[in-house]
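Fold and contact review
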Amino acid sequence: SLTFCGVAQADISTERSGSIIVFPKIIANSTRDTIIQITNTSNQMVRAHCFYVNAALTDPTRDPGPLNPPLWLEVDFDIALTKQQPTYWSVSQGGEVNPTDPPCEPGVQDCFNAGFDPGRVPPVVPDFVGELKCVEVDESNRPLAGNHLKGEATLVDLTTNDVSKYNAIAVPGLENNADEILVL
């Protein structure tokens, strides 16, 4: 269980790394998908507890409102990134752990799924619309003010191959007193 406590002023950024990263627009349906990239900016291993929040309407055939609220369903997962490691996955497909993934060799054109897998990332449900949040944590899954996570999302139109890209919102942690409260 994570408990967040913050001050009124948070030095959020889309250019620097933080202890919490937020991807506010995640879509995976029959016409669009989102590619997530998360990078450890540290020279040490970093762990993160991540969760998708599904904001799709309870009944997608009806207009939003009090009688048709968002689902607000959460799916959690954990990743571990080696020093300076980026990782990526398709939101619709997720990411599996495969110890036989080859390394990406210089001069090789196709490096898809190459290298160290950070952990199993579940695929989202069909017609997902929502967000992804990741919190840097220690070995005990307690929030950590390491400020080593940076992220990017690429939204792909599967019918036209048009893409748009944005940086995740990074919230720096200020301190952590070895408890479950991360001061922002």
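These numbers come from a predicted model, not from an experiment.

This part is about the overall build of the chain. A tally of regular secondary structure across the chain gives 0 helices and 12 strands. Traced from its N-terminal end to its C-terminal end, the chain shows the element sequence β-β-β-β-β-β-β-β-β-β-β-β. Scored against the burial criterion, the 184 residues of the chain give a buried share of 39%. Once local pairs closer than 6 in sequence are excluded, the contacts in the chain between residues at least 24 apart make up 75%. Surface accessibility of the chain: about 10500 Å² in total, with carbon and sulfur atoms responsible for 54%.

As a further point, take the nonpolar core. In this structure, Phe23, Ile26, Ile36, Ile38, Tyr52 and Leu132 are the most contacted members of the largest nonpolar core, which totals 27 residues. Taken together, the elements giving at least two residues each to this core come down to β2 (20-28), β3 (32-40), β4 (46-54), β5 (73-81), β7 (128-137) and β8 (149-157). Considering each element in turn, this core owes the most residues, 5 residues, to β2. Here phenylalanine 23 is in contact with Ile36, Gln37, Ile38, Glu131, Leu132, Gly151, Glu152, Ala153, Tyr166 and Ala168, once residues within four sequence places are set aside. Grouped together as the second largest cluster of nonpolar side chains are 7 residues, Ile20, Val135, Val137 and Leu182 included.

A few words on the state of the cysteines. A full pass over the atoms with the stated rule returns 1 disulfide. Bridging cysteine 50 to cysteine 134, the disulfide has an S-S length of 2.2 Å. In this structure, the disulfide formed by cysteine 50 and cysteine 134 twists by about 115 degrees around the S-S bond and is classed as right-handed. Here cysteine 134 lies in strand β7 and cysteine 50 lies in strand β4, a separation of 84 residues in the sequence. Grouping residues by exposure puts cysteine 50 and cysteine 134 together as buried.

On to the sheet that holds β2. Read across the open sheet, the 5 strands follow the order β5-β4-β7-β2-β10; overall the sheet is antiparallel. The open sheet has two edge strands with one neighbour each: β5 and β10 (169-171). When strand polarity is set aside, the average angle formed by the axes of neighbouring strands in this sheet is 25 degrees. Where β2 lies against β7, 7 bridges are found, and the strand directions are antiparallel. By the bridge assignment for β7, isoleucine 26 is matched with glycine 130.

With that settled, consider the side chain of asparagine 68. Its place among the elements puts asparagine 68 in the loop between β4 and β5. Looking at asparagine 68, the relative accessible area reads 1%, which means it is buried. Setting aside residues no more than four positions away along its own chain, asparagine 68 makes contact with Leu57, Thr58, Asp59, Arg62 and Asp63.

Pairing in this open sheet of 4 strands is antiparallel, and the strands run β6-β3-β8-β9 from one edge to the other. A single partner strand is all that each edge strand has here, and the edge strands are β6 (86-90) and β9 (163-167). Strand after strand, the sheet turns through a mean of 15 degrees between neighbouring axes, direction not considered. As paired strands, β3 and β8 are joined by 9 bridges and run antiparallel to one another. Residue pairing in the sheet places isoleucine 35 in a bridge with threonine 154 of β8.

A word on the pattern of salt bridges. Counted by the stated rule, this structure contains 6 salt bridges. Between glutamate 139 and arginine 47 there is a salt bridge; the shortest N-O distance is 3.8 Å. Here glutamate 139, found in the loop between β7 and β8, pairs with arginine 47, found in strand β4; they are 92 residues apart in sequence, far enough to count as distant. With a closest N to O distance of 3.4 Å, lysine 165 and glutamate 152 form a salt bridge. With lysine 165 in strand β9 and glutamate 152 in strand β8, this pair connects stretches of sequence that are 13 residues apart. Glutamate 152 gets classed as partly exposed once you look at its relative accessible area, which sits at 26%.

What counts and how
- Each chain carries its own residue numbering, running from 1 in the written order of its sequence.
- Selection of residues for local features in this predicted model requires a pLDDT of at least 70, selection of side-chain atom pairs for listing and counting requires 80 or more, and totals for whole chains, interfaces and linings are taken over all residues.
- Heavy atoms throughout the structure, all of them, feed into the side-chain values; hydrogens and water do not.
- Strands are runs of DSSP state E lasting at least 2 residues, helices are runs of H or I lasting at least 4, and numbering of each runs from the N terminus.
- Buried, partly exposed and exposed residues are distinguished by accessible area as a fraction of the type maximum, computed with a 1.4 Å probe on protein chains only: under 20%, between the cut-offs, and over 50%, respectively.
- Note on contacts: a residue pair is in contact if any heavy atoms of the two residues lie within 4.5 Å.
- Here the open area of atoms and residues is found with the Shrake-Rupley method and a 1.4 Å probe, where only the protein chains shown may cover a residue.
- We call a set of buried residues a nonpolar core when its members are Ala, Val, Leu, Ile, Met, Phe, Trp, Tyr or Cys and they connect through side-chain atoms within 4.5 Å of each other.
- Cysteine sulfur pairs qualify as disulfides if the two atoms are within 2.5 Å.
- Only when DSSP finds a minimum of two bridges between them are two strands counted as paired.
- To obtain an axis, a line is fitted to C-alpha atoms, over the contacting stretch when the element is a helix, and the angle between two such axes runs from 0 to 180 degrees between their N-to-C directions.
- Whenever Lys or Arg places a side-chain nitrogen within 4 Å of a carboxyl oxygen from Asp or Glu, that contact is recorded as a salt bridge.

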